[in-house]
Amino acid sequence: MATPFDEPSTLPYALPPFTDVRLEHFRPAFDAGTAEQRAEVEAIATDPDAPTFENTLVALERSGQRLTRVSHVFFTLSSADSTPELHSLEAEISPLLAAHSDAITLDGRLYARIEAVRAGLDDRTDLTDEDRRLVERTHTEMTLAGAGLDDTGKERLTAINQELSTLTTTFERNLLEDTNDLAVHVTSEEELAGLDDGAKSAAAGAAADRGLDGWLITLPLYTGHPWLGSLTDRSLRQRITEASLSRGRRGNEHDNREVLLRIVRLRAERAELLGFPNHAAVVTADETAGTPEAVDGLLSSLVGAAARNADDEREVRARVLGHEVEAWDWAYATELLRGQQFAADNSALRPYFEADRVLRDGVFHAANALYGLTFTERPDLHGYNDEVRVFEVRSDEDEPVGLYLLDLYTRDGKRGGAWMNPVVEQSHLLGTLPVVVNNLNVAKPAAGSPTLLIQDEVETLFHEFGHALHGLIARTTYPRFSGTNVERDFVEFPSQVNEMWVSWPSVLANYAKHHETGAPLPPELVLGLSESEGFNEGFATTEYLAAALLDQAWHRLSAAEAAAVTSVEDFERAALESAGIAVAAVPPRYSSTYFAHTFSGGYDAGYYGYIWSEVLDADTVEWFRDNGGLSREAGARFASRLLGVGGSKDPLEAYRDFRGRDAEVGPLLRRRGLE
């Protein structure tokens, strides 16, 4: 069957022709793409000429372009606009793709050629630094993938990888279905007291979409909910929280407990097969952290102060409420306290955070001031859903940069959370410019009503756009290094830096205007936002650390230890108590059965990367404040020495090149109130 993936797209920037793509195109495109790349790799592996950088490494980078085209589109849809049929196809395709990947990375002939090229690097004076890094990274990745194992080891490794690909797909599908099923149905408007009209409109729209009367409160990926800070009905807050916490552990067909236990056991077995004590050791061997002990050193150093701060905050909130604080009370008490202390609570701020204005006059405005980028909406170009908006990105010299796609709203076919992914990766070798998409899960209001964001959603939009900038500004030769193709514990750094512009005075003043009157954010709210920085950090740090340490605990198990775990709940409880992070009323940001980052999202043993990257981020924010802030000069340095190089340079070397020294932890401790 001919498919839209057989040749590169002829649309601007090679945007996939989404309107032409049908479900029946995917399987033949995957089959053709894998067969084509197998033939390309076979030609490399059997090349009678002596292995060189050009006939081995460059040839490998050029291989698999049809497979890349179909994969980017398929996995964009499966995460953001899925259907039961697409889920079934993903379950079918995932183990085949895992086997295909293993066939390449475990090919002893290919590995031998790469080793030969690596051994002769000193004789090649014409290679660039990026060329040399390509050799080293490819060799390291193949080694850690098991290319040096004997045939028996490779056979078992391939079986493990195929089963894991099926299990992680199952985990994500179970989570999506259970999250949809657990949406909280409300039939009395009195229960919604505290929500503004925009939130009520979104809940009414969600109910109508499912043919229900009343209102439906859908659940985000994390444990909490954006509306818990506003709802005055304590019983409804409890229903929402308990629904969230119960995901994946209700004993129904979507229960994830046995799935995740099997994932943990297989990852531990694979680590042992590769000669490592546990899965965390495998992961960190290829990250900037280097070892699980280095990760533990940072996380453990923060636990004591974070837990103490959270306990102190809980006592204050109990006094505000006049009763003991449960998990469903924390956000509500926090917003009451924020309003008393700073005036800048979500209900006061939300009318000033209209989504399109935040995007154009905030997110895009900051990117233009820093990097000279302009964004023009292209209604003639279509995304994969009618809600997806497409923007052309150009430089201040009117040179083409790429396309930016935004998919803002939640829907039943979209997984929870927020993320960026590439649709087309930038590469000088392939002659491609980037096409990237940002996904959020903002509740969609009824037609005619404005989309008003809470502060957390504004920060999320800036954060995810930081990932988008990493992809858009990339200027690397090889697709392997483009944009966010960096070590996992470095990937959050640019996105976290971009959050600083949320409250930067000139940016805030440009986008924070009342959606009806256009009036600027009142001075007392601006002051409240500034003064509230660091507010509730005990809670925020504790819920994050609990999840990060839980991720580490699961993945620092040996194969024998993993086999002995039979109860997810008992393991979680013991892990959090042992780490000293079991704080009353502060559940982990993600509990195991809905921890998509670590059991289906590629952050396994890597969730620590957010705070690991935040050390660099906090240090960088201080640099911007000392070096012109929102200026083209500062932006040019950050773009050329960090964003643009992608993975083509060691991340910590790139940071030293940008900052002039290694990052210091002091700014992070001050930001989070942990000094």
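The notes below deal with the structure included here. Sequence positions are assigned chain by chain, starting from 1 and proceeding in written order. Restriction of local features to residues with pLDDT of at least 70 applies here, the model being predicted, together with a cutoff of 80 or more for giving and counting side-chain atom pairs; totals for whole chains, interfaces and linings are based on all residues. Only hydrogens and water are removed before side-chain values are computed, so all heavy atoms of the structure are retained for them.

What about the environment of Glu-633?
Under the scheme used here, helices are H or I runs from DSSP no shorter than 4 residues and strands are E runs no shorter than 2 residues, and both carry numbers assigned from the N terminus. With respect to the helices and strands, the residue Glu-633 is situated in helix H25 (residues 632–643). Sequence separation between Glu-633 and Ser-449 is 184 residues; the distance between their C-alpha atoms is 40 Å.

So, the side chain of Ser-79
For Ser-79, the position within the fold is in helix H3 (residues 65–80). Burial classification: accessible surface area is computed with a 1.4 Å probe over protein chains only, and a residue below 20% of its type maximum counts as buried, one above 50% as exposed, and the rest as partly exposed. The buried category is assigned to Ser-79, whose relative accessible area is 7%. In terms of polar contacts, Ser-79 uses its side chain to reach the backbone carbonyl oxygen of Thr-76, at 3.2 Å. A contact between two residues is defined here by any heavy atoms of the two lying within 4.5 Å. Among all residues touching Ser-79, those that are not within four sequence positions of it are Glu-172, Gly-413, Lys-414, Arg-415 and Trp-419. Any pair of N or O atoms that falls within 3.5 Å is considered a polar contact. Within protein, one atom must be able to donate a hydrogen and the other to accept it, and sequence-neighbouring residues count only if both atoms are side-chain atoms.

As for helix H16 (residues 455–472)
Its 18 residues give H16 an end-to-end C-alpha distance of 25 Å, which sits within 8% of 26 Å, the value for a rise of 1.5 Å per residue. Counting buried positions over the 18 residues of H16 gives 15, a clear majority of the element. Each helix should span, by expectation, one fewer than its residue count multiplied by 1.5 Å.

Notes on the sheet that holds strand S5 (residues 400–409)
Should DSSP find at least two bridges between two strands, the strands are regarded as paired. Taken together, five strands build an open sheet; the order of strands is S3-S4-S5-S7-S6 and the sheet is mixed. Two strands close off the open sheet at either side, each with one partner strand: strand S3 (374–377) and strand S6 (419–424). Neighbour-to-neighbour, the strand axes of the sheet open up by a mean angle of 30 degrees, direction not taken into account. In this sheet, S5 lies alongside strand S4 (residues 389–394) in antiparallel orientation, the contact comprising six bridges. Looking at the pairing, Arg-394 lines up with Pro-400 of S5. Packing against the sheet, helix H15 (residues 355–371) makes contact with S3, S4 and S5, and its axis sits at approximately 20 degrees to S4. To obtain an axis, a line is fitted to C-alpha atoms, over the contacting stretch when the element is a helix, and the angle between two such axes runs from 0 to 180 degrees between their N-to-C directions. Packed on one face of the sheet, H16 meets S3, S4, S5, S6 and strand S7 (435–442) and runs near 165 degrees to S7.

A closer look at the side chain of His-72
Within the fold, His-72 resides in helix H3. Those residues in contact with His-72, other than ones at most four positions away along the chain, are Pro-422, Val-423 and Glu-425.

A short note on the packing of H25 against helix H26 (residues 651–659)
Angle between the axes and distance between the axes are the two parameters that describe a pair of packed helices. The geometry of H25 relative to H26 is characterised by a closest axis approach of 9 Å and an angle of 160 degrees between their N-to-C directions. Put simply, H25 runs roughly antiparallel to H26. As H25 runs across H26, the sense of the crossing is right-handed. Of the residues in H26, those touching H25 at Arg-637, Phe-638, Arg-641 and Leu-642 are Ala-654, Tyr-655, Asp-657 and Phe-658. Put simply, angles under 35 degrees are roughly parallel, angles over 145 are roughly antiparallel, angles from 65 to 115 are roughly perpendicular, and the rest are oblique. Crossing handedness follows the turn of the near helix against the far one: under a right angle anticlockwise gives a left-handed crossing, and clockwise gives a right-handed one.

Examining the packing of helix H20 (residues 537–555) against helix H22 (residues 568–579)
Running from amino to carboxyl end, H20 crosses H22 at an angle of 115 degrees, the nearest separation of the two axes being 10 Å. As H20 runs across H22, the sense of the crossing is right-handed. Two secondary-structure elements touch here, H20 through Ala-546, Leu-549, Leu-550, Ala-553 and Trp-554 and H22 through Val-568, Phe-571, Glu-572, Ala-575, Leu-576 and Ala-579. Under the convention adopted here, Pro, Cys and the residues Ala, Val, Leu, Ile, Met, Phe, Trp and Tyr are nonpolar, Asp, Glu, Lys and Arg are charged, and Gly plus all remaining residues are polar. For the contact of H20 with H22, a count of residues per class yields 10 nonpolar, no polar and one charged.

A closer look at unusual backbone geometry
Phi at Tyr-13 takes a positive value of approximately 60 degrees, unusual for a residue other than glycine. Note that Tyr-13 resides in the segment before helix H1 (23–45). Taking the relative accessible area as the measure of exposure, Tyr-13 reaches 15% and is therefore buried. For Ala-343, which is not glycine, the phi torsion reads 70 degrees and is therefore positive. Looking at the element boundaries, Ala-343 is found in the loop between helix H13 (330–342) and helix H14 (346–349).

Overview of the pairing of S5
For S5, the buried fraction is high: nine of the 10 residues fall into the buried class. As paired elements, S5 and S7 share six bridges and run parallel to each other. If you follow Leu-403 over to S7, its bridge partner there is Val-435.

Here we look at the environment of Leu-23
Following the sequence through the fold, Leu-23 ends up in helix H1. When the C-alpha atoms of Leu-23 and Glu-85 are compared, they prove to be 8.1 Å apart, with 62 residues separating the residues in sequence. Excluding residues within four positions of it along the chain, Leu-23 makes contact with Glu-85, Leu-86 and Leu-89.

Some thoughts on the pattern of salt bridges
Criterion for a salt bridge: a side-chain nitrogen of Lys or Arg within 4 Å of a carboxyl oxygen of Asp or Glu. Tallying each qualifying case throughout the model produces 62 salt bridges. For Asp-31, the salt bridge identified is with Arg-27, shortest N-O distance 2.9 Å. Taken together, the positions of Asp-31 and Arg-27, both in helix H1 and four residues apart, correspond to about one turn of that helix. Classification of Asp-31 as partly exposed rests on a relative accessible area of 37%. Among the residues examined, Arg-27 registers a relative accessible area of 28% and is labelled partly exposed. For the salt bridge of Asp-407 with Lys-414, the shortest nitrogen-to-oxygen distance reads 3.2 Å. The exposure class of Asp-407 is buried, given its relative accessible area of 0%. On the accessibility criterion, Lys-414 (3% relative accessible area) is buried. If you follow the salt bridges from partner to partner, you end up with Glu-61, Arg-133, Arg-137, Glu-141, Asp-286, Arg-480 and Glu-487 in one network.

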